[in-house]
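# Architecture at a glance
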Amino acid sequence: MKVGFIGLGNVGGKLSGSLLRNGVDLTVHDLNSDLVAGFVSRGAQAAQGPAQMMRDCDVVITCLPSPAASAAVMQEMLPEVKDGKIWLEMSTTDEAEVKRLGAQVIERGGAAVDCPVSGGCHRADTGNISIFAGCDRATFERILPFLTIMGRRILHTGPLGSASVLKVMTNYLATANLLTCCEALVTMKAAGMDMNTTYEAIKISSGTSFVHETESQVILNGSRDINFTMDLVKKDIGLFQTIADRAGVPLEISPLMIEIFNDGIRRYGERAQSDDIIRRLEEATGLSILAPGFPAEMVDDEPEEPGYEVVPQGAELRAAE
């Protein structure tokens, strides 16, 4: 199966790197020609553009920074969609938009999957990230073999669009956890606690989380480099708020989070690292939240292993009903 990959940024470059590293016949495209050249030097082919990629590849993956970018690329690819073609949208995007674009692919005989990832760039780099897949079961069975190359845990979430809803939810939760970790660290510093001890106290307690065990480390290092920027956080938590608004859920914490990140963007810029959000509290208190012995960036220390499908708890009971 010949795979095309469009979008070689922080996440896309790592996901496509896993495909290339494991011998997949890979064609790549990105507006940054240097990124494309790097992949070509490692054995990938360069596409002339999205249309040529869809024409020549069995599967085309997009991993782009916004729904608008995906829509623009799709308009170039649509004339080349035909029976047997598969489009995988690995961007974090809006459910309604991926359904709209996917319907156009399906109308032309292709298959569409929303296929976002979760777990951090460091796990995307080693093929150990988690992947959600929204599509019909037959399409899921076709794409599972190379999803297990890019990711460790693969979850079939249901029909097209369902993966995007769940992905936005997970990013909302991660952002909420980041903000509470920032408040906890600054408050403990103000209370005179040692930051190294504070980190371990959270890690071994009921207060720990994936976000604490990763992002708190680069916060305490001072780099704040988590490979995720404030504009992307704003996009993702905004998408979650949109889901709640559509469903008529009167959220209380979500609007405050949006307000906090809007303020962070005003202060530090859209492309500031998301973990720089702690600077708002550092500036308000005059404290510096640093500690020795923590890494400047996260590296996945788990060995790369073949992925597998995750079956939801209780699924067998629902199937028997």
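Residues numbered from 1 in each chain as written. Predicted model: local features only at pLDDT ≥ 70, side-chain atom pairs only at ≥ 80, totals over all residues. Heavy atoms only, no water.

The subject of this paragraph is the overall build of the chain. What the chain contains, in helices and strands, is 14 helices and ten strands. In terms of C-alpha radius of gyration, the chain reaches 20 Å, essentially the compact-globule figure of 20 Å for 321 residues. Expressed as lengths along the three principal axes of its C-alpha atoms, the size of the chain is roughly 65 × 50 × 40 Å. For the chain, with 321 residues in total, the buried portion stands at 51%. (Helix = DSSP H or I, 4+ residues; strand = E, 2+ residues; numbered from the N terminus. Rg over C-alpha atoms; globule rule 2.2 N^0.38 Å. Buried < 20%, exposed > 50% of the residue type's maximum accessible area, 1.4 Å probe, protein only.)

So, on to the nonpolar core. Ranked by internal contacts, the top residues of the largest apolar core, which has 34 residues, are F5, I61, L88, L147 and M150. Aside from chain neighbours lying at most four places away, what touches I61 is V3, G4, F5, I6, L19, L88, M90, F146 and M150. M195, M230, V233 and A291 belong to the second-largest nonpolar core, a separate cluster that totals 30 residues. (Core = buried A, V, L, I, M, F, W, Y, C linked by side-chain atoms within 4.5 Å. Contact = heavy atoms within 4.5 Å.)

On to the side chain of H156, then. If you trace the backbone, H156 turns up in strand 9 (residues 151-158). Judged by its relative accessible area of 17%, H156 is buried. A polar contact is formed between the side chain of H156 and the backbone oxygen of C135, at a distance of 2.7 Å. Separated by 3.5 Å, the side chain of H156 and the backbone oxygen of G158 make a polar contact. Filtering out sequence-adjacent residues up to four positions away, H156 remains in contact with A133, C135, D136, R137, F140 and E309. (Polar contact = N/O pair within 3.5 Å; in protein donor to acceptor, adjacent residues only side chain to side chain.)

Within this numbering scheme, the UniProt entry marks residues 161-280 as carrying the feature "domain: 3-hydroxyisobutyrate dehydrogenase-like NAD-binding" (unreviewed entry). Along residues 161-280, the helical share is 72% and the strand share 0%, with 35 Å between the first and last C-alpha atoms. (UniProt positions renumbered as here; feature names shortened; annotations may be inferred.)

Once the domains are mapped, the chain shows domain 1 (3-160) and domain 2 (165-285). Placing the centre of domain 1 and that of domain 2 at their C-alpha centroids yields a distance of 28 Å. Regarding the contact of domain 1 and domain 2, the summed buried area is about 1,300 Å², with carbon and sulfur atoms giving 60% of it. Of the charged contacts, one joins D94 and R246 as a salt bridge, the two residues approaching to 3.2 Å between their closest N and O atoms. Looking at the side of domain 1 that touches domain 2, the elements with two or more residues in it are helix 5 (95-107), strand 7 (117-118) and helix 6 (121-124). The biggest single contributor to the side of domain 1 that touches domain 2 is helix 6, with three residues. Residue composition of the side of domain 1 that touches domain 2, by class: seven nonpolar, seven polar and three charged. (Domains from an automatic or database assignment. Buried area = accessible area lost by both parts, 1.4 Å probe. Salt bridge = Lys/Arg side-chain N within 4 Å of Asp/Glu carboxyl O. Nonpolar A, V, L, I, M, F, W, Y, C, P; charged D, E, K, R; others polar.)

Estimated volume of the second largest pocket: approximately 190 Å³. Lining the second largest pocket, in full, are H122, R123, F210, E213, T214, Q217, M298, V299, D300, D301 and E302. Among the secondary structure elements, those contributing two or more residues to the lining of the second largest pocket are helix 6 and helix 10 (210-221). At four residues, helix 10 tops the list of elements feeding residues into the lining of the second largest pocket. A breakdown of the residues in the lining of the second largest pocket according to their chemical character gives three nonpolar, three polar and five charged. (1 Å grid on protein atoms, 1.4 Å probe; cavity = no way out; pocket = protein on both sides within 12 Å on 5 of 7 lines; lining within 4 Å. Points joined across faces, edges and corners; volume = space filled by probe spheres on them.)

The element strand 9 is largely enclosed, with a buried count of six among its eight residues. Sheet topology note: the strand 8 (residues 129-134)/strand 9 ladder contains six bridges and is parallel. Across the sheet, residue F132 finds its bridge partner in strand 9, namely L155. For the segment spanning strand 8, helix 7 (residues 137-150) and strand 9, crossover handedness is right-handed. Judged from the three bridges that link them, strand 9 and strand 10 (residues 308-310) form a sheet pairing that is parallel. Residue I154 lies in a different strand from strand 10, and its bridge partner there is E309. (Pairing = 2+ DSSP bridges. Right-handed = clockwise from strand over helix to strand, strands pointing away.)

This part is about the packing of aromatic side chains. Evaluation of the coordinates by the stated rule reveals two aromatic pairs. Its guanidinium or amino end placed over the ring of F39, R42 lies 4.6 Å from that ring's centre, counting from NZ or CZ. (Phe/Tyr/Trp six-rings, centres within 6.5 Å; stacked < 30°, edge-to-face > 60°. Lys NZ or Arg CZ within 6 Å of the ring centre and 35° of its normal.)

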